[in-house]
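An overview of the molecular structure
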Amino acid sequence: MSNPSLLVLYGSQTGTAQDAAQRIGRQAQRRRLQVRVMALDSYKVANLIAESLVVFVCSTTGQGDPPDNMKNFWRFLFKKSLPVGSLSRLDCAVLGLGDSSYPKFNFVAKKLQKRLLQLGANMLMPVGLGDDQHDLGPDAVIDPWLTSFWGALLALYPSLNSVTPLREDERLPPSYTFHFLDEKTQRSAAGLRSSGGEAPPSPSHPFGAWMVFNRRVTAPSHFQDVRLIEFDITGSSIRFAAGDVVMMRPRNAAEDVQQFCQLLGLDPEDAFLLQPTNNTPVPARLPQPCSVHHLVESYLDIAAVPRRSFFELLATFATNELERDKLVEFSSAAGQEELNSYCNRPRRTALEVLTDFPHTTAELKVDYLLDLFPEIQPRSFSIASSLKAHPHRLQILVAVVRYKTKLHKWRRGLCSTWLASLDPTKEEVCVPLWVKTGSLRFPADSDTPVIMVGPGTGVAPFRSALQERVSEGKTANILFFGCRSESKDFYFRSEWEHLVEAGHLTLFTAFSRDQEEKVYVQHRVRENAALLWDLISKRNACFYIAGNAKQMPASVCDSLKGLFQQEGGVSADAAAQMLAVMEKTGRLQSETWS
């Protein structure tokens, strides 16, 4: 049997699955295998019947959904018309990446494995279930899974045993080479408004929306800076409904761009053309020619906490013995606890790592920048307004992320900090964005009551829903809102009070720090058990939860089960079953984030 050609297909939302897929690709290259690594939706899925060896790497997003770049593949694979046995020639393996704090942990990987088996594929090994919640992250599962995978491959293709792999310290060729031009470039005006057109804006063709205002909505004395930001989407074909989300890509801070260029001896104004070294296409988001400034500011994720693959490649440039030893340790399976302490726990950025390894950084070759640094990923925000209340406008509610670790410098969220820094009163601000369908869907029937639990910025999609529903004459709206203090972070207070006065809203609030004993939204749900039971059992009310995934959603669900038992007189098992039925039928929906 001749040596196989390996295809690695990934579905990735935040870049973690893509990183794992590229890692498998590098390991295959070191074993001198022919390998292709592609996003699932970039691959012509009808060709799968002709493949002999495929590894699928996929994450799970939202409430058990596939990532955006595998949705077309997902729809095709689950067509009922596909004949059983159509993938009988295929040997494959599935590696899943998920977060066990969510109910549908690794749902996509599990469902994919099941479907591949239905279509006759031969599974080389059990599905791998990587978990973000593990102390060592998903690598705690990926490392042993990969060892088993290569073992299974050697058993299937014994001829591979005679191949001498490349050493770990031998650097693989870069994906691209940089060809610098003699002339400088003009700074690209990323974010120019696209022409209206009929096609809705997308990741590859976002709409440049002017920022109308950027307003702080928490008290100046409050520790948390939260912004209400409005964009003008006039001239776009953007349409959205309550529950939808807006996507945008942040940019690196000017001081980080400057420091990065200084560390690597790059002139920000230099222009270059990218030349692929294999069949990898040039990233569509990078203009040709491109300036170093645009590449660093808008594309390379230099402010992210680097993954293990970053240290693996960095180690191949090390000539200083101390630095090389440390980088090799961070790259090894045995050194993951050490890497966790150095990088993940204190949230050290890739840029900070470069300053910690100055000798190695001085040896870096520009051709490897796109292999070393991942692309900045888009961020999503629940839309906090309705087109029916604010035509041609789109609003978001953004908590500016800022926190301390053991490192001297404050840790900051890249996107929220970038958005907070934009001031449309001083200059025109244009932000490229696009909209995608969210996970929350509200009932069309005007008689169906809607119960919404949205503490903090989790209230954003419910403001959109309330504006939409009130404009349609739907008045059976109940909102549970929670925050720390009535006087400091009670978002949209005057709006809620106006709706209450008009008879369009029933409002329950929980201000956790305004009294000695902490009070949260789950307590208010429990206190109003009789009302909620009546709405759910007699009027088929829909129940929605939005906010931080840590403890709130589970606590609210526990309160719901408690009121089913208390008011409905059912057992704990029956209450849990009622909740499951509500979820299955769309009467219980949640949008949470970690």
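Everything discussed here concerns the structure shown above.
What you see is a predicted model, and the numbers here were worked out from it, not measured in a lab. (Residues numbered from 1 in each chain as written. Predicted model: local features only at pLDDT ≥ 70, side-chain atom pairs only at ≥ 80, totals over all residues. Heavy atoms only, no water.)

Across a sheet, strands are paired by hydrogen bonds formed along the backbone, either parallel or antiparallel in direction. The antiparallel open sheet is built from three strands, whose spatial order is β7-β11-β12. Pairing within the sheet leaves two strands with one partner each, and these edge strands are β7 (176–184) and β12 (290–291). Across six bridges, the pairing between β7 and strand β11 (residues 270–276) is antiparallel. Each bridged residue has a counterpart across the sheet, and for Tyr176 the counterpart in β11 is Pro276. (Pairing = 2+ DSSP bridges. Helix = DSSP H or I, 4+ residues; strand = E, 2+ residues; numbered from the N terminus.)

This part is about the packing of aromatic side chains. Scanning the entire structure with this criterion turns up 22 aromatic pairs. With a centroid separation of 4.7 Å and an interplanar angle of 50°, the aromatic rings of Trp74 and Phe78 are classed as tilted. By the ring-pair criterion, three or more aromatic residues cluster together here, those being Phe260, Phe310, Phe311, Phe330, Tyr342, Phe357 and Phe373. The side chain of Arg171 reaches across the aromatic face of Phe317, ending 4.0 Å from its centre. Of note, Arg215 hangs over the ring of Phe213, and the distance from its end group to the ring centre comes to 3.8 Å. (Phe/Tyr/Trp six-rings, centres within 6.5 Å; stacked < 30°, edge-to-face > 60°. Lys NZ or Arg CZ within 6 Å of the ring centre and 35° of its normal.)

Enumeration over the complete set of coordinates arrives at 32 salt bridges. A salt bridge links Arg308 to Asp139; the nearest nitrogen and oxygen atoms lie 3.5 Å apart. Taken as a pair, Arg308 in helix α7 (residues 308–315) and Asp139 in helix α4 (residues 139–156) lie far apart in primary sequence, 169 residues in all. Accessibility expressed as a relative area gives 9% for Arg308, which makes it buried. Residue Asp169 is joined to Arg167 by a salt bridge in which the shortest nitrogen-to-oxygen separation is 2.9 Å. The same class applies to Asp169 as to Arg167, namely exposed. Counted as one network, the salt bridges with shared partners bring together Arg23, Arg26, Asp139, Asp143, Arg308 and Glu312. (Salt bridge = Lys/Arg side-chain N within 4 Å of Asp/Glu carboxyl O. Buried < 20%, exposed > 50% of the residue type's maximum accessible area, 1.4 Å probe, protein only.)

One pass over the full model with this rule turns up zero disulfides. For Cys58, which is in no disulfide, the shortest distance to another cysteine sulfur is to Cys92 and amounts to 11 Å. (Disulfide = S-S within 2.5 Å.)

Just geometry here; none of it tells us what the structure is for.
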